[in-house]
Amino acid sequence: MGKLTLYGFDPSPPVRPVKLALAALQVPYDFIEVNVIKREQLSEEYLKKNPQHTVPMLEDGEACIWDSHAIMAYLVSKYGKDDSLYPKDPLQRAIVDQRLYFESGVVYADAIRRTNTYVFTTKVLPKERLEAIVEVYNLMESFLMKHDYIAGDHLTIADFSLISSISSLVAYVEIDSSKWKKLSAWIKRMEKLPYYSENAIGAEQFIALVKNTNFTVEA
Amino acid sequence: MGKITLYGVDASPPVRACKLTLAALGLPYDFVVVNLMEREHLSEAYLKKNPQHTVPMLEDDGACIWDSHAIICYLVSKYAKDDSLYPKDLLKRAVVDQRLYFESGVVFTNALRSITAPIFMHGIKVVPKERIQAITEVYDFLETFLKDNDYIAGDHLTIADFSVVSTVTSLPVFLEIDAAKYVKLTAWIKRLEKLPYYSENSVGVQQFFGLIKNLGITVEA
């Protein structure tokens, strides 16, 4: 096995799912911090490896892989003892994939990244941003209606991807457990994972960063 | 092989990515129009199949699958004669996957949907300037990805090309692609236009352009 190096920043929501996956797979790796607040992802050296200049990025030997979802799929396929975290059956995989793409678009690109942009620059949040986050919670609730995990009856990398995002979004909208019963139960289920600290620590850091901006919501 | 049904509208870029893939695989299917303007995606029947109420959605032998990227990965995995459109080699696949997630987040959600959602849902008529910057970012990244490759994920055609081209050819209605600045991007689009089944995308692009123009949408100067 070549040397695995994960480049990232703990508060960053997409980095933590990869840490969860690596812990679940019990694969050793080096972690190199790339402080995106200090814009270290724009260094010439980093751009050579990842021209999209995002975190996380995985180096496996000589190969550089980025996008958290692509990284996790790669890790399970290469290092998993079985395929339970990312089923090979085309139909089961299609469900996990849909949840992963839901996370990448609706959750991360829209609910998280666009909201962060307001909060960390103008510090005034348009109300529709909070509505976008509530919509995420509503969709999560519907996905969890009949299943204990986000893509079915057992844990997959989709759970890792989404627990990181959801545990970060609470910085903006709290999850009322009487309104989002299934979502709250799923979060508690994930918090019981023995390696959950791989997400919890960074999530707390993200929430602190958000709260420190003292942002306000447009009336 | 069970019956394949694709639900959607031609104007929608993710629907066209599925149509390109189905054509590339030579798969027969029924197409059911879901009129988004008439809110048909919010009908009880549709919500039962797809609680996220998006298009495209694929029904294959009773199973409902949505999200265009998940659909096209599924189609190749299940029906393709070989893996060239979605390589099984882990590193090659990781590149295709990254391009697909890039399309989902940076291209579709951040560049296109952030503009079209206010237009179609709230009747907004003017596109704010900062949304145009999101499109420039897309064109810049794609030019970089194509620097050493003829196709978006490497040296041959994959489903990532189908996914990206459907959205990227829709964005010019808001910001044209400067052919002098984006040499590789322009060449790649021309390369894909030569695909024998490219009309599966081009017809819908024209419909999308017509839709936007008929609404009298302008871009903030």
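Bear in mind the structure is a predicted one, so any value in this text is a computation, not a measurement. (Residues numbered from 1 in each chain as written. Chains lettered and ligands numbered in written order. Predicted model: local features only at pLDDT ≥ 70, side-chain atom pairs only at ≥ 80, totals over all residues. Heavy atoms only, no water.)

### Side note on the interface of chain B and chain A
The interface of chain B with chain A comprises 33 residues on the first partner and 34 residues on the second. At the boundary of chain B with chain A, total buried surface from both sides reaches about 2,800 Å², with 65% on carbon and sulfur atoms. If you sort the residues of chain B by the area they bury against chain A, B:Q52, B:L90 and B:Y101 come out on top, with a joint share of 23%. Across the chain B-chain A interface, the total number found is one salt bridge. Note that A:R113 is salt-bridged to B:E137, the shortest N-O span being 3.8 Å. Here chain B and chain A share three residue pairs in polar contact (both at pLDDT 80 or more) between them. At the level of secondary structure, the elements contributing two or more residues to the side of chain B that touches chain A comprise β4 (63-66), α3 (68-79), α4 (90-122) and α5 (129-145) of chain B. Counting residues per element, the side of chain B that touches chain A draws most heavily on α4(B), at 17 residues. (Contact = heavy atoms within 4.5 Å. Buried area = accessible area lost by both parts, 1.4 Å probe. Salt bridge = Lys/Arg side-chain N within 4 Å of Asp/Glu carboxyl O. Polar contact = N/O pair within 3.5 Å; in protein donor to acceptor, adjacent residues only side chain to side chain. Helix = DSSP H or I, 4+ residues; strand = E, 2+ residues; numbered from the N terminus.)

### Topic: the sheet that holds strand β1 (residues 4-8) of chain A
Residue and element names in this part refer to chain A. Reading across from one edge, β2-β1-β3-β4 is the order of the four strands in this open sheet, with mixed pairing throughout. Only two strands of the sheet have a single neighbouring strand rather than two, namely β2 (30-33) and β4 (63-66). Neighbour-to-neighbour, the strand axes of this sheet turn through a mean angle of 20°, independent of strand direction. With four bridges joining them, β1 and strand β3 (residues 57-60) adopt antiparallel strand pairing. Within the sheet, the bridge partner assigned to Y7 lies in β3 and is M57. The sheet strands contacting helix α1 (residues 15-25) are β1 and β2, and the helix crosses β1 at an angle near 155°. (Pairing = 2+ DSSP bridges. Axes fitted to C-alpha atoms, helices over the stretch in contact; angles between N-to-C directions.)

### A closer look at the pairing of β4(B)
Residues and elements named next belong to chain B. Summarising the sheet, strand β3 (residues 57-60) and β4 pair through four bridges and their orientation is antiparallel. Considered in β4, the bridge of E59 is made with C64. In sequence, β3 turns back onto β4 through a hairpin of two residues, with D61 there showing a positive phi of about 55°.

### Let's talk about the pattern of salt bridges
All names here are of chain B. The full count for this structure, using the stated rule, is 16 salt bridges over all chains. Between D60 and K78 there is a salt bridge, with the nearest N and O atoms lying 3.3 Å from each other. Of this pair, D60 sits in strand β3 while K78 sits in helix α3; the two residues are 18 residues apart in sequence, bridging distant segments of the chain. What makes D60 buried here is its relative accessible area of 2%. The salt bridge partner of R191 is D150, with a shortest N-O separation of 3.7 Å. A residue pair is termed long-range when its members are at least 10 positions apart, and R191 in helix α7 (residues 183-193) and D150 in the loop between α5 and α6 (159-168) qualify at 41 residues. (Buried < 20%, exposed > 50% of the residue type's maximum accessible area, 1.4 Å probe, protein only.)

### Regarding α1(A)
Residues and elements named next belong to chain A. Summarising burial for α1: nine of the eleven residues are buried, a large majority. Every buried residue of α1 is accounted for by V15, R16, P17, V18, K19, L20, A21, L22 and L25. Positive phi appears at Q26, one or two residues downstream of α1, with a value of about 55°.

### Remarks on the pairing of strand β2 (residues 30-33) of chain B
In the sheet, strand β1 (residues 4-8) of chain B pairs with β2(B) via four bridges, with the strands oriented parallel. The residue bridging B:Y7 from the neighbouring strand is B:V32, located in β2(B).

### Things to note about the packing of aromatic side chains
Two aromatic rings, taken as a pair, are described by how far apart their centres are and by the angle between their planes. Summed over all chains, the structure comprises 15 aromatic pairs over all chains. Between the aromatic rings of A:W66 and B:F145, the centroid separation amounts to 6.4 Å while the plane-to-plane angle is 40°, which identifies the pairing as tilted. Remark: B:F145 occurs in helix α5 and A:W66 occurs in strand β4; the pair is interchain, linking two chains. Accessibility assignment for this pair places A:W66 and B:F145 in one class, buried. Arranged with centres 6.0 Å apart and planes meeting at 80°, the rings of B:F162 and B:Y197 form a pair that is edge-to-face. Placement of B:F162 in helix α6 and of B:Y197 in the loop between α7 and α8 (199-214) is noted, with a sequence separation of 35 residues between them. Given the relative accessible area of 1%, B:F162 is considered buried. Put simply, the rings of A:W66, B:F102, B:F141 and B:F145 touch in pairs and so form one group of aromatic residues. (Phe/Tyr/Trp six-rings, centres within 6.5 Å; stacked < 30°, edge-to-face > 60°.)

These figures capture arrangement, not role.
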